[in-house]
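Residues per chain, in single letters:
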Amino acid sequence: MADLPATPLLDAVRTPDDLRKLKPEQLRQLADELRAEVISAVGVTGGHLGSGLGVVELTTAIHYVFDTPTDRLVWDVGHQCYPHKILTGRRDRIRTLRQGGGLSGFTKRSESEYDPFGAAHSSTSISAALGFAIANKLAGKPGKAIAVIGDGAMSAGMAYEAMNNAEAAGNRLVVILNDNDMSIAPPVGGLSAYLSRIVSSREFLGLREILKKIARKLPRPFHEAARKTDEYARGMTMGGTLFEELGFYYVGPIDGHNLDHLIPVLENVRDAEEGPILIHVVTKKGKGYAPAEASADKYHGVQKFDVITGAQSKSPPGPPQYQNVFGEALAREAATDPRICAITAAMPSGTGLDKFAAAHPDRFFDVGIAEQHAVTFAAGLAAQGMRPFCAIYSTFLQRAYDQVVHDVAIQNLPVRFAIDRAGLVGADGATHAGSFDVTYLATLPNMVVMAAADEAELVHMVHTCVLHDSGPIAVRYPRGNGVGVELPAVPERLEIGKGRMVREGKTVAILSLGTRLAEALRAADQLEAKGLSTSVADLRFAKPLDEALIRRLLTTHEVAVTIEEGAIGGLGAHVLTMASDEGLIDAGLKLRTMRLPDLFQDQDKPELQYKEAGLDADAIVEAVLKALRHNSAAVAGARA
Ligand SMILES: Cc1ncc(C[n+]2csc(CCOP(=O)(O)OP(=O)(O)O)c2C)c(N)n1
Ligand SMILES: CC(=O)[C@@H](O)[C@H](O)COP(=O)(O)O
Ligand SMILES: [Mg+2]
């Protein structure tokens, strides 16, 4: 283990109770030691670094001032929670972050009483904290609820739904807006500009702070006069803050790295009778680590890295990432088609749309963390004759499901969905797995659902999406790198609902969707070695199915197996339904569906996750042999 940082104070702090034994003047050193520990740990594990570095002081101050875990601390997204985990009894496991059997990279209820609410998808913290606050209030129990939400997460509508509803919580609810002027990329939209104006108009807020301090010292009769003055001062700061208009007492902006400011403000807020209160804290993403501070993305998500130099470990050069194959293919398509435009919900690099943006900036839209808006915005664009590509990770598209149904599918609008991170994603674990998109999309009338088996297929499918103007269409593909096939110089338009035979056999038929094709071919090799002639089909479409191909395979082979990187209700269900509707099972066909298990799988390497899920070549072989051994007489006997 590389030499660990010297952390004498931190060594004595296992929980917030230990932290609260320190004197205020020791907290600076404690925070410095905590920051060093975070850098050291993430250097070993990789993960989300910049956001955690930005909240080292804030985390320290919150646990110092508030009575956690009785006071419920809810982190938004939770990717910034590594300092929190170190201070709440998990320092001994912090170097297992995001690994199989290790700590989650986000807050997680089952991990600690200090994690009252799990996160990972953004903008949920105020709603959850409001729940805790009202529950305590109704039960007459002590305990406040503190939501810490970033400026990026504040761009999602859900945060406003919660704030709109927060009045009832009174002083039980505290919202801390962690404003580091960053999302994953620089933040976008009016809110970001608004926050910048507040921060830059510091002199007015200084006046208001002074007035408030005076007001607090005056006897009560003067409070009204001071309040009126405060109203006037507030009018001087852009008509008061948006948050005050929503019923919050607004405090700030304050320096989120200055413990001498943070501690007294948090103590005042903790003891205030008024509420709910929003504290606007200004921090720096990547604070205190020069390579992070200097990088464009502030080391939002990093591989393992050399702590001295900040140099991240590079994976060996291999096939291109699917996200970049997508972004570059779409940029090429858009060069000759002015109707193509592209939308991301705050994930320009993750979706590969940064490549599109560089080529076609006027047709690129980053709408912030606002997936619902992204989908309906795309629907409007499509309704007006554009060819919009909505690039949203499978897991995040879940947030916009009603918009997909109500605004796109029912109206049969030609929105193109580029669904990255389809299937299991590895270190981000269950919250980010793209398990359900085939299930939730292929069930919709009018929807076309494709899955790319490799990066060449993805190029063809992007082209097919471009030309599909008759209704909505989706293409899904996994996180990570392609398989190393050559990319087509000229993309083909695929026939909708048509799959392809990859290997012809006689006894066993494997019907694959998406990138399980590689494992299906490995399984076919193993089965052939056992004397079982095996066909492999890449169905390409979960909807509409290639019924002719499926019918041929199911009526000419003894065993048929479907396999997909998705949960029940996807390809397998649709094939089973077709087989049942057409009585193909009645004739004694042994048909098995292989899909993700009915559980939320924790983080691990993707290949280990798929092994655990029973979706690798060995599992396919096992399923086929078991089906062949299955004695239909036994079934008949059971019936008798
Ligand atoms: C619903 C949803 N969409 C997208 C993401 C991906 N995501 C993770 S963190 C992040 C940026 C969050 O910005 P902010 O809240 O300001 O936190 P910071 O990283 O600046 O601390 C995004 C877009 C997500 N977690 N949830
Ligand atoms: C915290 C969060 O939701 C994102 O940072 C996410 O972890 C990105 O996932 P990828 O690394 O797959 O782009
Ligand atoms: Mg931010």
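What counts and how
The residue numbers shown here count from 1 along each chain, following its written sequence. Whichever chain is written first is A, and whichever ligand is written first is 1; the rest continue in order. Thresholds applied to this predicted model are a pLDDT of at least 70 for local features of residues and 80 or more for the giving and counting of side-chain atom pairs; totals over whole chains, interfaces and linings are not thresholded and use all residues. Computation of side-chain values: all heavy atoms of the structure, hydrogens and water removed. UniProt positions are given in the numbering used here, feature names are shortened, and annotations may be inferred rather than shown by experiment. The rule for donors is simple: N, O or S, within 2.8 Å of the metal, or within 3.2 Å if the metal is Na, K or Ca. Water isn't counted, so a site may look like it is missing partners. Working definition: helices are DSSP H or I runs of at least four residues, strands are E runs of at least two. Numbering for both runs from the N terminus. The cut-offs for exposure are 20% and 50% of the maximum accessible area for each residue type, with area from a 1.4 Å probe on protein chains only; residues under the lower value are buried, those over the upper are exposed, and the others partly exposed. Each axis is a line fitted through C-alpha atoms, taken for helices only over the stretch in contact, and angles between the N-to-C directions span 0 to 180 degrees. Any angle between 65 and 115 degrees counts as roughly perpendicular, while under 35 counts as roughly parallel, over 145 as roughly antiparallel, and the rest as oblique. Working rule for contacts: check all heavy atoms of both residues, and any pair within 4.5 Å makes them a contact. Each residue gets one label: Ala, Val, Leu, Ile, Met, Phe, Trp, Tyr, Cys and Pro are nonpolar, Asp, Glu, Lys and Arg are charged, and the others, such as Gly, are polar. We call Phe, Tyr and Trp rings a pair once their centres come within 6.5 Å, taking the six-membered ring for Trp, and we label the pair stacked below 30 degrees between planes, edge-to-face above 60, and tilted otherwise.

- The protein is annotated in an unreviewed UniProt entry as 1-deoxy-D-xylulose-5-phosphate synthase from Sphingomonas lenta.
- A UniProt comment under Pathway (unreviewed entry) is attached to the protein, and it reads "Metabolic intermediate biosynthesis; 1-deoxy-D-xylulose 5-phosphate biosynthesis; 1-deoxy-D-xylulose 5-phosphate from D-glyceraldehyde 3-phosphate and pyruvate: step 1/1."

1. Quick word on the coordination of the magnesium ion (ligand 3)
In an ideal tetrahedron of four donors about a metal, each angle is 109.5 degrees. In an ideal octahedron of six donors, the angles are 90 or 180 degrees.
Consideration 1: At this site the magnesium ion (ligand 3) is bound by Asp-151 (OD), Asn-180 (OD1) and Met-182 (O), with donor distances of 2.0 to 2.1 Å.
Consideration 2: The motif formed by the donor residues of the magnesium ion (ligand 3), counted along the single chain, is D-x28-N-x1-M. Residue Asp-151 is found in the loop between strand E2 (145-150) and helix H8 (157-163), and its partner Met-182 is found in the loop between strand E3 (173-179) and helix H9 (189-200); the two are separated by 31 residues along the sequence.
Consideration 3: Given the relative accessible area of 6%, Asp-151 is considered buried.

2. As for the packing of helix H18 (residues 371-383) against helix H20 (residues 401-409)
Consideration 1: Look at H18 against H20: their axes get within 9 Å of each other, and the N-to-C directions meet at 10°. Taken together, H18 and H20 sit at an angle that is classed as roughly parallel. Here Gln-372, Val-375, Thr-376 and Ala-379 of H18 come into contact with H20, specifically with Gln-403, Val-404, Asp-407 and Val-408.
Consideration 2: Taken together, the residues of the contact of H18 with H20 break down into four nonpolar, three polar and one charged.

3. Examining the packing of aromatic side chains
Consideration 1: Under the criterion given, the structure shown has 11 aromatic pairs.
Consideration 2: Summarising the aromatic geometry, the rings of Tyr-289 and Phe-305 are spaced 5.7 Å apart at their centres and angled 45° between planes, so their arrangement reads as tilted. Of the two residues, Tyr-289 sits in the loop between strand E5 (277-282) and helix H14 (290-294) while Phe-305 sits in the loop between H14 and helix H15 (322-335), which places them 16 residues apart along the sequence.
Consideration 3: On the accessibility criterion, Tyr-289 (6% relative accessible area) is buried.
Consideration 4: Judged by its relative accessible area of 6%, Phe-305 falls in the buried class.

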